[in-house]
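Letter by letter, the chains look like this.
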Amino acid sequence: MADLEGCLQAALAEFKAQFGGESPSIAVYAPGRVNLIGEHTDYNDGFVLPMALPLVTVIVGRRSSSKECRLVSKAVNDLCPPFPVPAYPPPGLEEVNLDGPRWALYVKGVVALMNKDGGVPVFDAVITSCVPLGGGVSSSASLEVATCLFVEQLKGGCGLGLVDKAMLCQQSEHRYAGNKCGIMDQFVSVMAQEGHALLIDCRDHATENIPLSDPSLVVMVTDTGKRHELSVGGEYNKRRESCYSAASKMGVASLRLAKLEQLEGSGLTDVELRRARHVITEIARTQDARDALKNGDYKTFGHLMNQSHASLRDDYEVSCSELDELVVLAQTDSRVYGSRMTGGGFGGCTVTLLPRDIVEETKERMKAGYSGTPTFFVASASPGAGVITQRLNELCT
Ligand code: GLA
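What counts and what doesn't
- Residues numbered from 1 in each chain as written.
- Predicted model: local features only at pLDDT ≥ 70, side-chain atom pairs only at ≥ 80, totals over all residues.
- Heavy atoms only, no water.
- Near = heavy atom within 4 Å.
- Polar contact = N/O pair within 3.5 Å; in protein donor to acceptor, adjacent residues only side chain to side chain.
- Areas by Shrake-Rupley, 256 points an atom, 1.4 Å probe, with all protein chains shown as cover.
- Nonpolar A, V, L, I, M, F, W, Y, C, P; charged D, E, K, R; others polar.
- Domains from an automatic or database assignment.
- Contact = heavy atoms within 4.5 Å.
- Buried area = accessible area lost by both parts, 1.4 Å probe.
- Salt bridge = Lys/Arg side-chain N within 4 Å of Asp/Glu carboxyl O.
- Helix = DSSP H or I, 4+ residues; strand = E, 2+ residues; numbered from the N terminus.
- Core = buried A, V, L, I, M, F, W, Y, C linked by side-chain atoms within 4.5 Å.
- Buried < 20%, exposed > 50% of the residue type's maximum accessible area, 1.4 Å probe, protein only.
- Axes fitted to C-alpha atoms, helices over the stretch in contact; angles between N-to-C directions.
- Parallel < 35°, antiparallel > 145°, perpendicular 65-115°, else oblique.

Caption draft 1: Spatial organisation of the site of the ligand. Contacts to the ligand come from Arg 33, Glu 39, His 40, Asp 42, Tyr 43, Cys 181, Gly 182, Met 184, Asp 185, Tyr 236, Gly 343 and Gly 344. With respect to the ligand, the side chain of Asp 185 contributes an N or O atom lying 2.6 Å from an oxygen atom. The protein chains hide 96% of the 300 Å² of surface that the ligand would expose on its own. Within the shell around the ligand, the residues separate by chemical class into four nonpolar, four polar and four charged.

Caption draft 2: Quick look at the domain arrangement of the chain. On domain assignment, one finds that the chain holds domain 1 (2-208 + 382-396) and domain 2 (212-233 + 277-379). Taking only C-alpha atoms into account, the centre of domain 1 sits 26 Å from that of domain 2. Domain 1 puts 35 residues into the contact, and the matching count from domain 2 is 40 residues. When the two sides are added together, the surface that domain 1 and domain 2 hide from each other amounts to roughly 2700 Å², 65% of it contributed by carbon and sulfur. Counting the contacts that link domain 1 with domain 2 gives three salt bridges. Along the contact surface separating domain 1 from domain 2 lie 15 residue pairs in polar contact (both at pLDDT 80 or more). Taken together, the elements giving at least two residues each to the side of domain 1 that touches domain 2 come down to β1 (26-37), β2 (47-63) and β6 (196-201). Of the residues forming the side of domain 1 that touches domain 2, the biggest block, seven residues, is contributed by β2. Looking at side-chain class alone, the side of domain 1 that touches domain 2 contains 17 nonpolar, 13 polar and five charged residues.

Caption draft 3: Examining the nonpolar core more closely. Ranked by size, the top nonpolar core spans 52 residues in total, and within it Leu 49, Met 51, Leu 255 and Phe 301 carry the most contacts. Each of domain 1 (2-208 + 382-396) and domain 2 (212-233 + 277-379) accounts for three or more of the residues forming this core. Setting aside anything within four residues of it in sequence, one finds Phe 301 in contact with Leu 36, Ile 37, Leu 49, Ala 289, Ala 292, Leu 293 and Leu 353. Listed in part, the 48 residues of the second largest apolar core include Val 28, Val 96, Ala 146 and Val 188.

Caption draft 4: Layout of the packing of helix α6 (residues 235-249) against helix α7 (residues 270-294). Where α6 meets α7, the closest approach of the two axes is 9 Å, and the angle between their N-to-C directions is 95 degrees. The pairing of α6 with α7 is recorded here as roughly perpendicular in orientation. Between α6, through Arg 239, Ser 242, Cys 243, Ser 245, Ala 246 and Lys 249, and α7, the contact on the second element is made entirely by Val 271, Glu 272, Arg 275, Ala 276 and Val 279. A class-by-class count of the residues in the contact of α6 with α7 yields five nonpolar, two polar and four charged.

Shown next, in the form of structure tokens:
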């Protein structure tokens, strides 16, 4: 993974430059993700089918003997003002405010939640990342998960299993960044296996690794160049609320349990009906897509991706003109299996499934037809987060 190595080397160089030529003693990474199908279903107890990208966030650092932590992000070229180790939040406090730049909240939140025993030491750290920020491929989850592994290394263990780690990172995003995200991004960043997509049942947190390493098949991520902001009170949180009110009017604990036939006659508003219809059909599509992928039936898989996009555009209303343009340009060639927006929406990336031998011509067509400047990334299903201190030590000697 050239990107991982590049991020690690950049982080090491920056650490030495910032902290008097000394070397860090810990290095960790966590990947961003692309979701193949199952969009806006995770917070409705549904299924999702993401895979981890070779695009990663790296953190290098070490314990410090000073009173305050020093944190630098090369990803945003910013230096956080020094801060004391964030304390575990008092009980009952749902959302917590911490000072400092917004990007640093993703780090401080995870540190605070891992500091229940007061055992997190003061640290110096540098972050680098090749996950595009705000690009719909989970730069924030990769930062949270990398922080979780970093703190685990700092403390010499944290007693958390993989699911606990993912849930803690999700909690941090809820409480410190104000995004009521689901569990998909953190789960896949923690748990992905190389050469596999990860099917997650978001109701009971069961996971299944689905092989995705056919050399004739390509998963292509295309960045619209339009950035999204999943902010507090934003459209994302509104979608979540509509789903919950629809479920409650339909008398079910979550939309996972709702049936299409119940949509009429449950007193739903037009908006609630369309939001719920997307979620119910998307959960079914994701299960069908899992079967198709297992059978190597890429045509069916791609068809489900196309349907998913139409549903996200028309019923869920989270697409935008840039995403729609790129999806149509990809779908125009019938040899392309399928294409859709990926992630929260309102900008970011599309994901396209296609045979390897038509990748170049597909890129050319999309580039020529798009109103902006797209960036293409041919993605391989990559492993989840890990500790790379050994590689760091090799670089330091
Ligand atoms: C964002 C959230 C995820 C998920 C997707 C939409 O990426 O972080 O939890 O809800 O949007 O599928």
